Amino acid sequence: MTLSPARVPATGVRRLTTTLYGYAFLDDLVLLYPVYALLFADTGLPLWQISSLFALWSLTAVVLEVPSGAWADTVSRRRLLWIGPLLTAVGFTLWVSVPSYGAFAVGFMLWGAGGALGSGALEALVYDELERLGAAERYARVMGRTRAARLLATVVAMGLAGPVLALGGYEAVGAASVLACLLAAVTATRLPEHRVQAEKGSTRWAATLRAGAAEARGDRAVRGALLLVPAVAAVWGALDEYVSLLIRDLGVADATVPYLVLLVWAIVTVGSLFAGPAERLGTRGLAALIAGAALALAVGAGIRTPAGIVLVGLAFAGFQLAEVLADVRLQHRIDDARRATLTSVASLGTELVTVAVFGVYTLLGASLAHSTVFAILSLPYLVTALMLGRGRGARNESPGDRPRTQ
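J.: Any chance you could break down the overall build of the chain for me, citing the residues and the numbers?
T.: For the chain, the count of helices and strands is 17 helices and zero strands. Of all 406 residues assigned to the chain, the portion counted as buried reaches 51%. Summed over its atoms, the accessible surface of the chain is roughly 17700 Å², and 66% of this surface lies on carbon and sulfur atoms.

Shown next, in the form of structure tokens:
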């Protein structure tokens, strides 16, 4: 049977998205997520060593983020997407087979390297494939659902980690995490990739990196889109690490804390599904979304009740939507040949700002309640919303209507 021209793109999009959602779910179905700090403590590591492991993880991502993005613009992006989970699987295997500070450190470096390989490469592959199929306008909806798949996997991992730990200890939790990584790698090999091979001599990653930097410096729209990503993603990305502490300060029983954390992430997951319709908000609408989420965060944290936690979840959902829309703005403005490079530059900015937010939170949290710190850290979002709303052309421009730089 011969497929009609309309049917061919639809089939291609369906193959891409089905594989993508499966890959995203498996990549974050890591049962070690909620218990790895317990593993470190039970191995005998003091707090300063555990903190140093987290710092090493972040440092690995910072160092490798942009070079790996430039590499993804010169080699097969699909290849990087299946290599990344394999590196992570090796790291998790080390953790549970030879638990020690050295093994944990190597594992975090492998995990950070695996994440860096996928960062930028995934967004670039998805956008280019959708564009090839004439469906680039679906990018926001597709990436919103991809985020939802990842969040759903995290929620499932939280639910499964306790029973699996009780049945088989850390070895069972680690084995389940390794299996998820291996399945993610296999799924990544099924992702379609039809990128045209660049001309000989233009594929050196250093040259691609320089070209990407030049594009960011020379194009105001690209530069603004690059800055918007960390402005939206970094603060709430850091705050989510402290949600359980915020909830515990409400005075609820410790056994209730995980359920309220799951409630927050369930709201964020559902919110991710609205990325497609949210793309029609326009720039002023995006500014209003960010401002509304900031107010919900401040009020929700400030009222110090379980109902307030629902507002925090709604705020996080708003920031998640804004993060997807910021990525859409960036993808529409950058050149195909440097897509992964500049996406990784934005991710690097997010990592650096996130580390700075951790430092600010530590300083403020030394003398203030968690609810007060959450409220204070909503203020940068109000500033971002104000600057975005007052920007040139904000009245009519939508997040995706600006043509890409050629």
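Next, the rest of the story.
J.: Give me the lowdown on the packing of aromatic side chains, citing residues and values where you can.
T.: Counted by the stated rule, this structure contains 25 aromatic pairs. On the basis of an interplanar angle of 65° and a centroid distance of 6.0 Å, the ring pair of Tyr 36 and Trp 95 is categorised as edge-to-face. Here Tyr 36 is found in helix 2 (residues 36-43), whereas its partner Trp 95 is found in helix 4 (residues 77-97), with 59 residues between them in sequence. Overall, the relative accessible area of 12% leaves Tyr 36 in the buried class. With a relative accessible area of 0%, Trp 95 lands in the buried category.

J.: So what about the packing of helix 2 against helix 5 (residues 101-118)? Which residues, and what values?
T.: Where helix 2 meets helix 5, the axes come as close as 12 Å, and the angle between the chain directions of the two elements is 160°. Taken together, helix 2 and helix 5 sit at an angle that is classed as roughly antiparallel. For the pair helix 2 and helix 5, the sense of crossing is left-handed. Judged by residue contacts, Tyr 36, Leu 39, Phe 40 and Thr 43 of helix 2 engage Phe 104, Phe 108 and Trp 111 from helix 5. Tallied by class, the residues present in the contact of helix 2 with helix 5 amount to six nonpolar, one polar and no charged.

J.: Explain the side chain of Asp 28 to me, and be specific about the residues and the numbers.
T.: Within the fold, Asp 28 resides in the loop between helix 1 (7-27) and helix 2. Owing to a relative accessible area of 14%, Asp 28 belongs among the buried residues under this scheme. Those residues in contact with Asp 28 that sit more than four places away from it in its chain are Tyr 33, Arg 150, Ala 153 and Thr 154.

J.: Got a sec to walk through a nonpolar patch on the surface? Specific residues and values, please.
T.: A contiguous nonpolar surface patch, about 390 Å² in accessible area, is contributed by Leu 295, Leu 368, Ile 376, Leu 379 and Leu 382. Its place among the elements puts Leu 368 in the loop between helix 15 (339-365) and helix 16 (370-376).

J.: If you had to explain the nonpolar core to someone new, which residues and values would you point to?
T.: Membership of the largest hydrophobic core comes to 80 residues, with the highest contact counts inside it found for Phe 316, Phe 319 and Phe 374. It is helix 14 (residues 306-333) that provides the largest number of residues to this core, a total of twelve residues. Apart from the residues lying within four places of it in its own chain, the contact partners of Phe 316 are Trp 236, Leu 239, Asp 240, Val 243, Val 264, Val 268, Leu 297 and Phe 374. In this structure, Phe 40, Leu 53, Ala 89 and Phe 92 belong to the second largest nonpolar core, which totals 26 residues.

J.: Please provide a residue-by-residue account of helix 13 (residues 282-303), values included.
T.: Residues lying three or four places apart along an α-helix face the same way, a consequence of the helix completing one turn every 3.6 residues. Between the first and last C-alpha of helix 13 there are 31 Å, a value that for 22 residues agrees with the 32 Å anticipated at 1.5 Å per step. Buried within helix 13 we find Gly 282, Thr 283, Gly 285, Leu 286, Ala 287, Ile 290, Ala 293, Ala 294, Ala 296, Leu 297, Gly 300 and Ala 301. Two residues or fewer past helix 13, Arg 304 is found with a positive phi of approximately 55°.

J.: How would you sum up the environment of Ala 72? Please name residues and give values.
T.: Tracing the backbone through its elements, the reader meets Ala 72 in helix 3 (residues 47-72). According to the relative accessible area criterion, Ala 72 is buried, its value standing at 0%. Along the primary structure Ala 72 and Ala 124 are separated by 52 residues, whereas in three dimensions their C-alpha atoms are 8.6 Å apart.

J.: Give me the lowdown on unusual backbone geometry, citing residues and values where you can.
T.: Positive phi values are uncommon outside glycine, yet Arg 304 reaches one of about 55°. Relative to the assigned elements, Arg 304 resides in the loop between helix 13 and helix 14.

J.: Residue-level account of the environment of Asp 73, with values.
T.: Tracing the backbone shows Asp 73 in the loop between helix 3 and helix 4. Overall, Asp 73 belongs to the buried group, its relative accessible area being 7%.

J.: Can you break down the pattern of salt bridges residue by residue, with the values?
T.: Here the structure, examined in full by the defined rule, presents five salt bridges. The shortest N-O distance in the salt bridge between Arg 150 and Asp 27 comes to 3.0 Å. Remark: Asp 27 occurs in helix 1 and Arg 150 occurs in helix 7 (residues 139-188); sequence separation between them is 123 residues. Given a relative accessible area of 21%, Asp 27 falls into the partly exposed group. Between Asp 128 and Arg 77 there is a salt bridge; the shortest N-O distance is 2.6 Å. Here the residue Asp 128 occupies a position in helix 6 (residues 121-132), and Arg 77 occupies one in helix 4, the gap between them amounting to 51 residues.

J.: So what about helix 6? Which residues, and what values?
T.: Over its twelve residues, helix 6 runs 16 Å from end to end, which matches the ideal 16 Å to within 8%, given 1.5 Å per residue. Every buried residue of helix 6 is listed here: Ala 121, Leu 122, Glu 123, Ala 124, Leu 125, Val 126, Tyr 127, Asp 128, Glu 129 and Leu 130. Trailing helix 6 by a residue or two, Gly 134 shows a phi angle of about 70°, which is positive.

J.: Run through the packing of helix 7 against helix 14, naming residues and quoting values.
T.: Packing of helix 7 against helix 14 brings their axes to within 10 Å, and their N-to-C directions diverge by 135°. Regarding the angle of helix 7 to helix 14, the classification is oblique. Considering only the axes of helix 7 and helix 14, their crossing is right-handed. Side by side, helix 7 and helix 14 meet where Tyr 139, Ala 140, Met 143, Gly 144, Arg 147 and Leu 151 of the first sit next to Gln 320, Glu 323, Val 324, Asp 327, Val 328 and Gln 331 of the second. In the contact of helix 7 with helix 14, the residues fall into six nonpolar, three polar and three charged.

Rules of the game
- Residues numbered from 1 in each chain as written.
- Predicted model: local features only at pLDDT ≥ 70, side-chain atom pairs only at ≥ 80, totals over all residues.
- Heavy atoms only, no water.
- Helix = DSSP H or I, 4+ residues; strand = E, 2+ residues; numbered from the N terminus.
- Buried < 20%, exposed > 50% of the residue type's maximum accessible area, 1.4 Å probe, protein only.
- Areas by Shrake-Rupley, 256 points an atom, 1.4 Å probe, with all protein chains shown as cover.
- Phe/Tyr/Trp six-rings, centres within 6.5 Å; stacked < 30°, edge-to-face > 60°.
- Axes fitted to C-alpha atoms, helices over the stretch in contact; angles between N-to-C directions.
- Parallel < 35°, antiparallel > 145°, perpendicular 65-115°, else oblique.
- Left-handed = near helix turned anticlockwise from the far one by under 90°.
- Contact = heavy atoms within 4.5 Å.
- Nonpolar A, V, L, I, M, F, W, Y, C, P; charged D, E, K, R; others polar.
- Patch = residues over 30% accessible without salt bridge, like charges linked within 9 Å, V, L, I, M, F, W, Y side chains within 5 Å.
- Salt bridge = Lys/Arg side-chain N within 4 Å of Asp/Glu carboxyl O.
- Core = buried A, V, L, I, M, F, W, Y, C linked by side-chain atoms within 4.5 Å.
- Expected span 1.5 Å × (residues − 1).

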